[in-house]
Amino acid sequence: MQYGCNKVVIFNIQWEQAPKYTTTKTLNSRDGFLKRRKRPRRKLWVYQIQLESDYEELYPDSSMKMYSELPQFSEKVLSYARKQKDKDIQQRIKEIDEEESADVKNLKCLFLLPFLLGMRTIKRKKGQKCWRPSKIEVSEGFVIHLKSISELKTIVEAKVNKLDKFGLTLQPTPVLIGEEISTIRDSYVYVSGHLYQVSTPIKAIDICFKVIHAVHALYPYESETVWLLLQKCLYGIISEWDKNFISVNLLMQDLGYNKWIYNHIYVIFDRFVYLLIFF
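Colleague: Can you help me understand the pattern of salt bridges in this one?
Modeller: Oppositely charged side chains can form a pair if their charged atoms are brought close together. Following the criterion strictly, the structure yields seven salt bridges and no others. The salt bridge partner of Arg-92 is Asp-88, with a shortest N-O separation of 3.4 Å. Note that Arg-92 and Asp-88 are positioned in helix 3 (residues 87-98) at a spacing of four residues, about one turn of the helix. Accessibility expressed as a relative area gives 25% for Arg-92, which makes it partly exposed. Linking Glu-99 and Lys-108 is a salt bridge whose minimum nitrogen-to-oxygen distance equals 3.8 Å.

Structure follows, in structure tokens:
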């Protein structure tokens, strides 16, 4: 397999209606990314999937939210990050301040999120190992950033093997190719052995989010809190399937997205529990 995937597909193709399939069927892939919450599902055809219209059917008011809300969201993230004393975060802020491109600044602000949300333990079923990804692992689970696309096969195989040890599967993930975040040459979305090319890094994150929802996949396990924060703050989506993470609730409050937190008492309780656990 070239580049660790079956085929590179340009994302500006003609989407056609994908047939529905029953919940008893799963995608015949080692990744098995269609293991999902209890919802009606659609079968993924590599070249034929009504991605954007499927997503808009689910969330008609959020299709352009990534682009309209990202500048303001990035400002809030950066403002909050400046208050943190962590040296790694401060170094990343310095790099953002030195950046001239607004798009790259916004992208780098998104890369701050794994370090602001912190770590969590991924609990598995009885008898399976638990996993507590580091902040670096959370960041790498959010976006795969490589200097060369030739590295992808090795990285994907390592990820699949590592996830398999915990009874987990590789989910759709953005892939960015370039020496630095500020010099990305190519942007892709990796989906179950296939690499879909898109125009920009932000587009890769946006399309990955929409793929996850359109085919009812799961968020990448390591970075689930990052994707959930984007879902609620950027896309304005809350669903009955959302997990309740203390770190997400607290950061939403600190960023000023209180309207998405149903009961302020829960936030106070979450902060109290957070202090008990970490201090």
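Colleague: Looking at this structure, how should I read the packing of helix 3 against helix 4 (residues 102-117)?
Modeller: Helix packing for two helices is described by the angle between their axes and how far apart those axes are. Running from amino to carboxyl end, helix 3 crosses helix 4 at an angle of 175°, the nearest separation of the two axes being 10 Å. Here helix 3 lies roughly antiparallel to helix 4, going by the angle between them. Along its contact with helix 3, which presents Asp-88, Ile-89, Arg-92, Glu-95, Ile-96 and Asp-97, the element helix 4 presents Lys-105, Lys-108, Cys-109, Leu-112, Phe-115 and Leu-116. Looking at side-chain class alone, the contact of helix 3 with helix 4 contains six nonpolar, no polar and six charged residues.

Cut-off values and rules
Residues numbered from 1 in each chain as written. Predicted model: local features only at pLDDT ≥ 70, side-chain atom pairs only at ≥ 80, totals over all residues. Heavy atoms only, no water. Salt bridge = Lys/Arg side-chain N within 4 Å of Asp/Glu carboxyl O. Helix = DSSP H or I, 4+ residues; strand = E, 2+ residues; numbered from the N terminus. Buried < 20%, exposed > 50% of the residue type's maximum accessible area, 1.4 Å probe, protein only. Axes fitted to C-alpha atoms, helices over the stretch in contact; angles between N-to-C directions. Parallel < 35°, antiparallel > 145°, perpendicular 65-115°, else oblique. Contact = heavy atoms within 4.5 Å. Nonpolar A, V, L, I, M, F, W, Y, C, P; charged D, E, K, R; others polar.

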